[in-house]
Each structure stands twice: as C-alpha cells, then as structure tokens.
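What follows is each chain in one-letter form.
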Amino acid sequence: GYLPDFASGELWRFSLRTHRWKRLRADNWPQGKYRRLIHDPSRNLLRTYWDGGGQVYTIPDTGGTWSPEGGAANNDTHYEAYAFMNPLTSQLMLFGGYGFSTFRDDLQAWDGTAWALVGQSAARPEARFGTGTGSVAVDAAGGRAFMGQRHQGIQPGNYDDLWMLRLSDYVWTNLIPATTDSTARLLSAMAYAPHSRRLYRFGGCLPINDPGFCSSYSGETRIANPAAARVRWETLRDGARSPSPRALAGLFFDPVRLRLVLVSGHGADGWQDDVWVRTLP
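What comes next is a walk through the structure. Not measured: the values here are computed from a predicted model.

What follows is about the overall build of the protein chain. On a plain count of helices and strands, the protein chain comes out with 0 helices and 25 strands. Its C-alpha radius of gyration of 18 Å places the protein chain within 12% of the 19 Å reference for a compact globule of 281 residues. Taken along its principal axes, the extent of the C-alpha atoms in the protein chain is 45 × 45 × 35 Å. Buried positions account for 51% of the 281 residues belonging to the protein chain. Taking contacts inside the protein chain between residues at least 6 apart in sequence as the whole, the part at least 24 apart equals 48%. A gap of 6 Å separates the mean positions of the 30 positive and 26 negative side-chain charges of the protein chain.

The following block contains the structure:
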C-alpha cells in the first residue's frame, strides 16, 4: 500500500475467508517516506523501506511493533523503484527507480543491514520507476519475477513491455517488446497464478504518454502465458459485474481458493475502497 509521508499510518488485514477487514496494532510507526508494504512470507513479516533507498522496518503480519533492521542511511537515489521479495534468498530487492534527475536500471538487495548492488545480465529493462503497488509478479516455485510497463512520469519514453528475471542468477529475458499501440497500458496491477502458470493484469492507464494520473482508465482483465513461443496479452471476458476501470490497484493470487483478489486503485472518481475476487479455472 501507500503510506503517508512523515506521519503514522494504519495497518489493516483482509480475511480471504470472511471477506472482512480488521485493523491491526502497529506501534512505533516509522516516520518519513515509508510508502510501500511488501510481504515476506518466509518470516511472516511485512516490510517497508525509506522510498529512495534507505532504512528498512519490519512488523509481524499479525500486527505489533515496527522494528528497524540494521541502520542504513536514508537517501533519494532510487525513488519509486520496483520492489519485491526474492523467494530463493528471502531478500527484499529493488529494481530501477529515480533520483537526482536520473532514471535507474540497477538491481539491489537488502542483506539485513544495508543495500548492495547485485550483478545482472547486460540485457535488462530500460531505466524506469515502478509507480504502483502491483508492478512486479513473483513465481516463487519457479524462481522468477515478472516486470514491465516502463514509466517515466511526464518524461517521454513511457511504454508497455514485459520482462522476466531468473532469480537464481539475475538473468533478464524480454518476453514482450516495447509497445505503445492501442493495447498498451501503464500502472496496471499484475499477479502470477502457479496452478495455471499464467500471468494476469487488471486495468491501467491509457494513452501511454498521458502525464501524471490518467484521464482514461482501463477495466480489462488480461492473461498471458510466459512460456508461449510468442508471449502476448489477451483480454478475458468479464461477467455482468466487474470492477470499475482503474490504475494503481493491487492484484493478488489466492492459492487456497484459486482466485484473483483486486484491492483498491485510482479511477475517474478518485481512490477506490473496494475488494473484488475472480475465480480462475
């Protein structure tokens, strides 16, 4: 989620069984630019970090007290980087970001004390920042991460693409080349379903170079097979009731019930406060 800068936020948990929200205790809230929540399933923790690259805090995913890890200095060199957990190393990782008038294409890992650059293949996604809570989808069993949607804010060079990162050796593969055609989207939410080995996306912003928040939003659900000879996004038909068009949502896979869970997002009438589910075949 997005956390308020230099203020104490609130921590809530949504039950996939009862479909109810519950507010959790969250003491010692970190003060500053702590804007993201990333779940660490190996330790049952939530992580947040100073946006730009800096101090990391953790809290049990059942609530409790925020605690600092290590003592990293805060900086603003990698603002809005793509954040995800590496299931092979149980490390928080960042790709790209923006700071001091420069877009980045480097990869970093948190070792529990500090951030360190990680060697990656020469072929890699072009520099970008990852505005949006669902910018990366991780295939834990397959040791892969999927990332796309190059975003540079109001700068030229925004486009839709798809890359796969092999987490054992950090080799990138370009699955879908850059496109700005009528199917291109930015700021859409993405999730991976291991039972079907498919990627899913919902919504996003169009046209692709529209600066700032969108003036036009997508309400499509899309699917792609990352193992196909030619990877491409295809639109899934929705039922009579479906989420309103939006960008910047969160999309998650519920492995117990084999369904997608869509949370919040920004649409034509502002921020949405809703949760939707879609059962998958």
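Here the narrative resumes, following the displayed structure.
Further remarks concern the layout of surface pockets. In this model, the second largest pocket occupies a volume close to 240 Å³. Lining the second largest pocket, in full, are D160, I176, P177, A178, T179, D181, T183, R222, R230, V231, R232 and W233. The dominant element in the lining of the second largest pocket, judged by the number of residues it contributes, is strand 16 (residues 171-179), at 4 residues. Broken down by class, the residue content of the lining of the second largest pocket amounts to 5 nonpolar, 2 polar and 5 charged.

Time to look at the pattern of salt bridges. The final tally for this structure, using the stated rule, is 21 salt bridges. Two residues, E69 and R47, come together in a salt bridge whose shortest N-O distance is 2.8 Å. With E69 in strand 8 (residues 67-69) and R47 in strand 5 (residues 45-49), this pair connects stretches of sequence that are 22 residues apart. Here E126 and R128 are joined by a salt bridge, their closest N and O atoms 3.4 Å apart. Here E126 falls in the partly exposed class, since its relative accessible area comes to 36%. One continuous salt-bridge network, built from bridges that share partners, spans D40, R43, R47 and E69.

The next point concerns the nonpolar core. Within the largest apolar cluster, 15 residues are counted, with the highest numbers of intra-cluster contacts made by F84, M93, L107, L165 and Y170. Setting aside chain neighbours within four positions, we find L165 in contact with F84, L107, G143, R144, A145, Y170, V171 and W172.

Here the focus is the side chain of R222. Looking at where R222 falls in the secondary structure, it is placed in strand 19 (residues 217-224). For the buried R222, which has no salt bridge, the nearest side chain bearing the opposite charge is E220, at an N-O separation of 4.0 Å. Engagement of the side chain of R222 in a polar contact is seen with the backbone oxygen of T183, the distance being 2.8 Å. When residues no more than four places from it in sequence are discounted, the contact partners of R222 are D160, T183, R185, L199, Y200, R201, W233, E234, T235 and L236.

This part covers the sheet that holds strand 19. What links the strands of a sheet is backbone hydrogen bonding, and the strands pair in either a parallel or an antiparallel sense. Read from one edge of the open sheet, 4 strands run 17-18-19-20, paired in antiparallel fashion. If you trace the sheet from one side to the other, it starts and ends with strand 17 (189-193) and strand 20 (234-236), each paired once. Neighbour-to-neighbour, the strand axes of this sheet turn through a mean angle of 30°, independent of strand direction. Of the strand pairs in this sheet, strand 17 and strand 18 (residues 198-205) are connected by 5 bridges, and their pairing is antiparallel. Within the sheet, the bridge partner assigned to Y192 lies in strand 18 and is L199.

A separate point is the pairing of strand 6 (residues 56-60). Judged by how many residues are buried, strand 6 sits mostly within the fold: 4 of 5 residues are covered. Of the strand pairs in this sheet, strand 6 and strand 8 are connected by 3 bridges, and their pairing is antiparallel. What sits directly across from V56, in strand 8, is E69.

Before going further, it helps to spend a moment on the environment of A184. As for its position among the elements, A184 is in the loop between strand 16 and strand 17. For A184, a relative accessible area of 2% gives the class buried. Residues A184 and L199 lie 15 residues apart in sequence; the distance between their C-alpha atoms is 16 Å. Ignoring anything within four residues of it in the chain, the contact list for A184 reads D160, T179, C205, L206 and I208.

Under the counting rule described, the total for this entry stands at 1 disulfide. Residue pairing for C205: its cysteine sulfur links by disulfide to C214, the two sulfurs lying 2.2 Å apart. For C205, a relative accessible area of 2% puts it in the buried group.

Once that is clear, we can look at the sheet that holds strand 6. Across the sheet, which stays open at both edges, the 4 strands sit in the order 4-5-6-8 with antiparallel pairing between neighbours. This sheet does not close on itself; its edge strands, each paired only once, are strand 4 (38-40) and strand 8. The sheet shows a mean angle of 35° between the axes of neighbouring strands, taken without regard to direction. One ladder, built from 3 bridges, connects strand 4 with strand 5; its direction is antiparallel. When the bridges of strand 5 are listed, D40 appears paired with L45.

Parameters at a glance
- Residues numbered from 1 in each chain as written.
- Predicted model: local features only at pLDDT ≥ 70, side-chain atom pairs only at ≥ 80, totals over all residues.
- Heavy atoms only, no water.
- Helix = DSSP H or I, 4+ residues; strand = E, 2+ residues; numbered from the N terminus.
- Rg over C-alpha atoms; globule rule 2.2 N^0.38 Å.
- Buried < 20%, exposed > 50% of the residue type's maximum accessible area, 1.4 Å probe, protein only.
- Contact = heavy atoms within 4.5 Å.
- Lys, Arg positive; Asp, Glu negative; His and termini not counted.
- Charge placed at Lys NZ, Arg CZ, Asp CG, Glu CD.
- 1 Å grid on protein atoms, 1.4 Å probe; cavity = no way out; pocket = protein on both sides within 12 Å on 5 of 7 lines; lining within 4 Å.
- Points joined across faces, edges and corners; volume = space filled by probe spheres on them.
- Nonpolar A, V, L, I, M, F, W, Y, C, P; charged D, E, K, R; others polar.
- Salt bridge = Lys/Arg side-chain N within 4 Å of Asp/Glu carboxyl O.
- Core = buried A, V, L, I, M, F, W, Y, C linked by side-chain atoms within 4.5 Å.
- Polar contact = N/O pair within 3.5 Å; in protein donor to acceptor, adjacent residues only side chain to side chain.
- Pairing = 2+ DSSP bridges.
- Axes fitted to C-alpha atoms, helices over the stretch in contact; angles between N-to-C directions.
- Disulfide = S-S within 2.5 Å.

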